[in-house]
Amino acid sequence: MAILVGTHKKFHEHDSGTDHPERPERLEAVLEGVDLSGVGEAVIHFEPTPAKMEDLYRVHDKNYIDALRRFCLMGGGRLDPDTSVSVASWDAAILAAGAGLDAIRRLGDNEADSAFLAVRPPGHHAVIDRAMGFCLINNVAVAAASLASQGERVLIFDYDAHHGNGTQDIFYSSKDVMYASVHQYPLYPGSGRASEVGVGEGLGTTINIPVPEGTTGATYFGAIEQILMPAIEKFSPTWVIASSGFDSHIGDPLCDLGLTSSDFGSLITWLFSLVPGGRRLAFLEGGYDLDALRLSTAETIAAMGGETLHLERASEGGALVGVLNAIREQRARSLEL
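Each chain has its residues counted from 1, following the order in which its sequence is written. With the structure being a predicted model, the display of local features is reserved for residues of pLDDT at least 70 and the display and counting of side-chain atom pairs for 80 or more, all residues being used for whole-chain, interface and lining totals. For side-chain calculations, the full set of non-hydrogen atoms in the structure is used, while hydrogens and water are omitted.

(A) Main features of the sheet that holds strand 7 (residues 177-184). Strands sit in the order 2-1-5-10-9-6-7-8 across an open sheet of eight strands; the sheet is parallel. If you trace the sheet from one side to the other, it starts and ends with strand 2 (43-46) and strand 8 (206-211), each paired once. Averaged over neighbouring strand pairs, the angle between their axes works out to 15° when direction is ignored. Whether two residues touch is decided by their heavy atoms; if any such pair falls within 4.5 Å, the residues are in contact. Every angle, taken between N-to-C directions, lies between 0 and 180 degrees, and every axis is a line fitted to C-alpha atoms, over only the stretch in contact when it is a helix. A run of H or I in DSSP becomes a helix once it reaches four residues, and a run of E becomes a strand once it reaches two; helices and strands are each numbered from the N terminus. Along the sheet, helix 9 (residues 290-304) makes contact with strand 1 (3-6), strand 2, strand 5 (114-117) and strand 10 (280-284), crossing strand 5 at roughly 165°. A pair of strands is labelled paired if DSSP reports no fewer than 2 bridges between them.

The structure is reproduced here in C-alpha cells:
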C-alpha cells in the first residue's frame with residue numbers, strides 16, 4: 001500500500017521561540033521515524049503547495065487570517081503566552097494548511113492509499129478567529145471543510161493528549177464533519193467534556209472522551225467499541241482524518257497519558273479500516289519527546305503500510321470501566337437535552 005508523506009523545508013523555518021517545545025527538531029525525529037518504519041519502498045515523498053486564501057477563509061475569520069499574515073510579515077512576535085511567530089511563520093502555516101489539500105488531490109489521482117502530513121506549526125487549537133496553543137491555522141479543519149464542500153462526510157479522530165478545541169468549535173454545528181477526541185482531562189485548553197456533543201444540525205457529531213492521567217490503550221479501545229463505533233456507524237463517513245498527536249505517549253514531557261508507540265499503530269489501523277483506500281489522511285499535531293516521536297511515527301507509517309513493528313510493547317492495564325460508563329451516561333443525557 002503506497003503512502004504519501006508530505007513535508008517541506010520551510011516547516012523548519014517557523015521559529016516558535018527559544019527553548020519552545022514545538023521546535024524544528026520534532027520534524028527531524030518524525031522523518032527518522034518514517035525511515036525506521038521498514039516500509040520505505042511504499043513511501044512517496046512530496047512537497048505541499050500553499051493553501052489559497054479562500055481555503056483558509058472557509059474555516060477562519062477573514063480579518064484574523066489577514067491580520068496574522070501582516071503580523072508575521074512585519075517581523076512577528078508573541079500572539080499569546082504559548083504561541084509566537086517569526087517572519088517565516090506565515091509561509092510555513094499556509095504550506096501546512098495546504099498539505100492536506102494537496103494530499104486529497106493526489107489521493108484522488110490514485111497516487112497512494114493514504115497520506116501522512118509531517119507539518120508544523122500544528123493546527124487543532126487554532127479557533128475561527130485566533131491562534132492558540134502553538135497553532136496558527138487549523139490544518140485538519142481546512143482539509144475537512146474542503147472535503148465537506150464536495151459532499152463528503154468526514155470523520156476527524158483526534159488522539160492528541162490535548163483536546164482539539166479549535167477543530168471542535170469550527171464543526172460544532174456541522175452535520176457533515178464528525179469530531180471525535182480522546183484526550184487527557186483536566187489539561188490545557190480545558191475543553192472537551194463529555195457533555196459537549198454539538199448543536200443544531202451537528203447535535204451528536206461531536207464526541208469527547210476525557211480520560212485521566214495514566215490512561216492506557218485498553219481504555220481507548222474500550223471507548224472506540226462502546227461509544228465511538230455506534231455513532232460512527234450511524235454517521236457513515238466517506239473520509240477519515242487523524243489528528244495524530246503523539247504527546248499521548250507515556251514519555252511525553254508535557255502530558256501524563258500512558259500510550260506506547262505500538263498503541264498508535266493500532267489506533268491508525270482501526271481508523272483507516274473505516275473507509276476505502278484513497279480516503280485516509282493523518283496530520284502531525286503534538287508530541288514533544290523526540291524518541292517518542294520517532295518510534296510513534298515509525299509504528300504509524302508501518303501500520304499505514306499494512307505492517308506491524310512492535311518497537312515497544314503495547315501499553316498495559318485494563319480499561320477504566322467506571323470512566324467509560326460515566327462518559328457514556330453524560331453523553332446520553334446531553335443528547336436528550
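There's plenty left to go through after this.
(B) View of the packing of helix 8 (residues 261-272) against helix 9. Helix 9 packs onto helix 8 with a crossing angle of 30° between their chain directions and a minimal axis gap of 8 Å. Accordingly, the angle class assigned to the pair helix 8 and helix 9 is roughly parallel. Seen from above, helix 8 lies across helix 9 with right-handed handedness. Contacts between helix 8 and helix 9 involve S261, S262, F264, G265, I268, T269 and F272 on the former and, on the latter, L295, S296, E299, T300, A303 and M304. Polar here means any residue other than Ala, Val, Leu, Ile, Met, Phe, Trp, Tyr, Cys and Pro, which are nonpolar, and Asp, Glu, Lys and Arg, which are charged; Gly is therefore polar. Counted by class, the contact of helix 8 with helix 9 contains six nonpolar, six polar and one charged residues. Note that the term roughly parallel is reserved for angles under 35 degrees, roughly antiparallel for angles over 145, roughly perpendicular for angles of 65 to 115, and oblique for everything else. Crossings are assigned a handedness: left-handed for a near helix turned anticlockwise from the far helix by less than a right angle, right-handed for a clockwise turn.

(C) Local environment of the side chain of S244. Here S244 shows up in strand 9 (residues 239-244). Here S244 is in contact with Y159, A282, F283, L284, E285 and G286, once residues within four sequence places are set aside.

(D) Highlighting the nonpolar core. Take the buried residues of types Ala, Val, Leu, Ile, Met, Phe, Trp, Tyr and Cys, join any two whose side-chain atoms come within 4.5 Å, and each joined set is a nonpolar core. Exposure categories follow from relative accessible area, calculated using a 1.4 Å probe and restricted to protein chains: below 20% of the type maximum is buried, above 50% is exposed, and the middle band is partly exposed. I137, I241 and L281 are the most contacted members of the largest nonpolar core, which has 100 residues in total. Here this core gets 12 residues from one element, more than from any other, and that element is helix 4 (residues 89-108). Residue contacts for L281: discarding those within four places in its chain leaves G100, A103, I104, L107, A115, L117, A143, W239, V240, I241, A242 and F272.

(E) Structural view of the pattern of salt bridges. Definition used for salt bridges: Asp or Glu carboxyl oxygen within 4 Å of a side-chain nitrogen of Lys or Arg. Tallying each qualifying case throughout the model produces 14 salt bridges. Among the salt bridges present, the one from R120 reaches E22, with a minimum N-O distance of 2.9 Å. Taken together, the residues R120 in the loop between strand 5 and helix 5 (139-149) and E22 in the loop between strand 1 and helix 1 (25-36) connect sequence positions 98 residues apart. For R120, a relative accessible area of 0% puts it in the buried group. By relative accessible area, which is 1% here, E22 ends up buried.

(F) The pairing of strand 9, seen in detail. Summarising burial for strand 9: six of the six residues are buried, a large majority. One ladder, built from five bridges, connects strand 6 (residues 154-158) with strand 9; its direction is parallel. Considered in strand 9, the bridge of I156 is made with I241. Sheet topology note: the strand 9/strand 10 ladder contains five bridges and is parallel. Directly across from A242, in strand 10, lies its bridge partner A282. Throughout, right-handed denotes a crossover for which the path from the first strand over the helix to the second runs clockwise when the strands point away from the viewer. Tracing the backbone out of strand 9, into helix 8 and back to the parallel element strand 10 gives a crossover that is right-handed.

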